[in-house]
Amino acid sequence: MNDPILFSPITLAAAEGPGIQVRNRAFIAPMCQYSVEAKDGVPTDWHLQQLGSFAAGGFGLVTTEATAVEPHGRISPRDLGIWNDEQLDSHARIVAFEHSQGAIAAVQLAHAGMKASTYPGLPGFTPGYVPEAEGGWQTRTPENLSKDDIAEIVGRFAQAAQRADQAGYDVVQLHGAHGYLMHEFLSPLTNKRTDEYGGDETGRSRFVREIVSAVRAVWPAGKPLGIRFSATDWVENGWDVDATARLAQVLVADHGVTWIDASSGGLGNGTIPVGPGYQVPLASRIKTALDGTNTVVSAVGLITKAQQAETILATGQSDAISVGRAALRDPHWAAAAAAELGVPRDQLPSAPQLHRANW
Ligand code: FNR
């Protein structure tokens with residue numbers, strides 16, 4: 001058997017220098033845990049054990065869940081934040097552990113926009129908005145933001161990136177997907193502004209471009225910057241994969257982005273053709289548009305099997321794979337996949353303490 005591509009290293013390029021080498025192409029997708037019971041945005045032991053297990057289990061890159069750049073940017077009151085130093089210190093503890101396991105530490109910086117202030121997505125909570133009397137808040141939308149508000153949020157992203165750097169994160173992934181604020185600006189379904197932040201594609205993407213520029217300006221030049229898109233709304237006249245590919249080209253050429261993760265959905269009522277690897281064609285389309293650049297494009301969505309992931313990479317549809325729920329079920333998915341693809345037992349990417357699992 002040839003050496004599996006999934007377990008060959010990959011470099012995430014940066015604005016300057018060699019970039020960052022990741023030991024393999026199995027990445028952890030960001031997954032909200034709604035586990036900050038103190039509602040202060042500070043990562044807890046839960047986050048340490050879970051993200052730590054992904055790192056110990058052999059994943060090359062572990063992305064911390066959507067982490068809000070300001071309190072009103074949280075999806076729920078129990079989300080992570082990175083707007084103060086107490087949060088920073090707790091992130092740093094997680095990053096240090098991930099590094100001790102040989103994983104690269106990424107964080108998804110997010111603002112939930114109109115989908116903020118909801119109850120945690122956990123059993124026992126009713127879906128819906130948290131009223132202000134219960135600690136909820138007025139959400140921010142493309143419509144209700146003044147230009148000063150926009151500038152403030154752009155600044156919050158930059159401050160969050162600075163704290164992410166201080167916490168030791170190697171990579172920032174901006175959350176441009178799933179109907180949250182950046183995606184709300186991009187999509188004609190939700191961006192009805194008539195000023196320079198709305199209208200045509202250039203106007204609707206201005207907010208995203210400003211955030212990317214502000215973050216790139218403060219994020220160390222030697223560290224890679226990525227973005228996750230909803231590459232399509234799955235709705236006619238919505239945001240689509242061609243628009244995503246065009247924006248990706250601009251962000252790569254002019255704004256120093258070197259990693260694109262291709263998700264989809266989150267706005268509107270489109271029918272999503274959910275099935276194994278259903279978003280892979282989106283990654284492939286974006287990868288084609290970025291041909292000749294040093295960008296890493298990762299595919300995500302129901303990629304659950306080692307051979308499935310290997311085939312996606314071997315056929316050039318993406319450069320890396322992001323895994324979500326399969327890793328919730330088995331945090332050591334990467335080690336098991338490596339063994340299945342023929343990586344010798346003594347070279348599995350997992351921690352030595354797991355060696356006797358006998359994958
Ligand atoms: C998610 N997803 C997600 N996406 C994101 O961009 N930021 C986030 O914080 C979260 N949170 C989250 C929590 C949980 C519990 C799940 C299951 C999912 C989406 C996730 O990253 C991924 O794109 C999807 O789960 C599809 O990939 P899988 O699970 O089919 O591998």
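Residues numbered from 1 in each chain as written. Predicted model: local features only at pLDDT ≥ 70, side-chain atom pairs only at ≥ 80, totals over all residues. Heavy atoms only, no water.

**Details of the overall build of the protein chain**
Of regular secondary structure, the protein chain possesses eleven helices and eleven strands. Computed over C-alpha atoms, the radius of gyration of the protein chain comes to 19 Å, within 12% of the 21 Å expected from 2.2 N^0.38 for 359 residues, which places it in the range of a compact globule. Dimensions of the protein chain along its principal axes, counting C-alpha atoms only, are 60 × 45 × 40 Å. Going through the 359 residues of the protein chain one by one, you find that 59% of them count as buried. For the protein chain, restricting intrachain contacts to residue pairs at least 6 apart in sequence, the fraction spanning at least 24 positions comes to 72%. Looking at the protein chain as shown, the accessible area adds up to about 14000 Å², and 50% of this sits on carbon and sulfur atoms. The protein chain carries 27 positive and 38 negative side-chain charges, and their two centres are separated by 3 Å. (Helix = DSSP H or I, 4+ residues; strand = E, 2+ residues; numbered from the N terminus. Rg over C-alpha atoms; globule rule 2.2 N^0.38 Å. Buried < 20%, exposed > 50% of the residue type's maximum accessible area, 1.4 Å probe, protein only. Contact = heavy atoms within 4.5 Å. Areas by Shrake-Rupley, 256 points an atom, 1.4 Å probe, with all protein chains shown as cover. Lys, Arg positive; Asp, Glu negative; His and termini not counted. Charge placed at Lys NZ, Arg CZ, Asp CG, Glu CD.)

**Observations concerning the packing of aromatic side chains**
Overall, the coordinates contain four aromatic pairs when judged by the stated rule. When the centroid spacing of 5.7 Å and the interplanar angle of 85 degrees are considered together, the rings of phenylalanine 27 and tryptophan 259 count as edge-to-face. Here phenylalanine 27 is found in strand 3 (residues 26-28), whereas its partner tryptophan 259 is found in strand 9 (residues 259-263), with 232 residues between them in sequence. You can call tryptophan 259 buried: its relative accessible area is 1%. Ring centres 6.0 Å apart and planes at 15 degrees place the aromatic pair phenylalanine 59 and tryptophan 333 in the stacked group. One end of the pair, phenylalanine 59, is in the loop between helix 1 (45-56) and strand 4 (61-68); the other, tryptophan 333, is in helix 11 (residues 333-340), with 274 residues separating them in the sequence. Residue classification places phenylalanine 59 among the buried residues on the basis of a relative accessible area of 0%. Members of the aromatic cluster, joined through ring pairs, are Phe54, Phe59 and Trp333. The ring centre of tyrosine 180 lies 5.1 Å from the NZ or CZ of lysine 115, which sits over that ring. (Phe/Tyr/Trp six-rings, centres within 6.5 Å; stacked < 30°, edge-to-face > 60°. Lys NZ or Arg CZ within 6 Å of the ring centre and 35° of its normal.)

**Remarks on the site of the ligand**
Around the ligand, the surrounding shell holds 15 residues, and the nearest of these are Pro30, Gln108, Arg228, Leu302 and Arg325. Here leucine 302 contributes a backbone N or O atom positioned 2.6 Å from an oxygen atom of the ligand. Interatomic distance of 2.6 Å between a side-chain N/O atom of arginine 325 and an oxygen atom of the ligand. Calculation on the ligand without its partners gives an accessible area of 600 Å², and the protein chains cover 83% of this total. Taken together, the residues that form the shell around the ligand break down as eight nonpolar, five polar and two charged. (Near = heavy atom within 4 Å. Polar contact = N/O pair within 3.5 Å; in protein donor to acceptor, adjacent residues only side chain to side chain. Nonpolar A, V, L, I, M, F, W, Y, C, P; charged D, E, K, R; others polar.)

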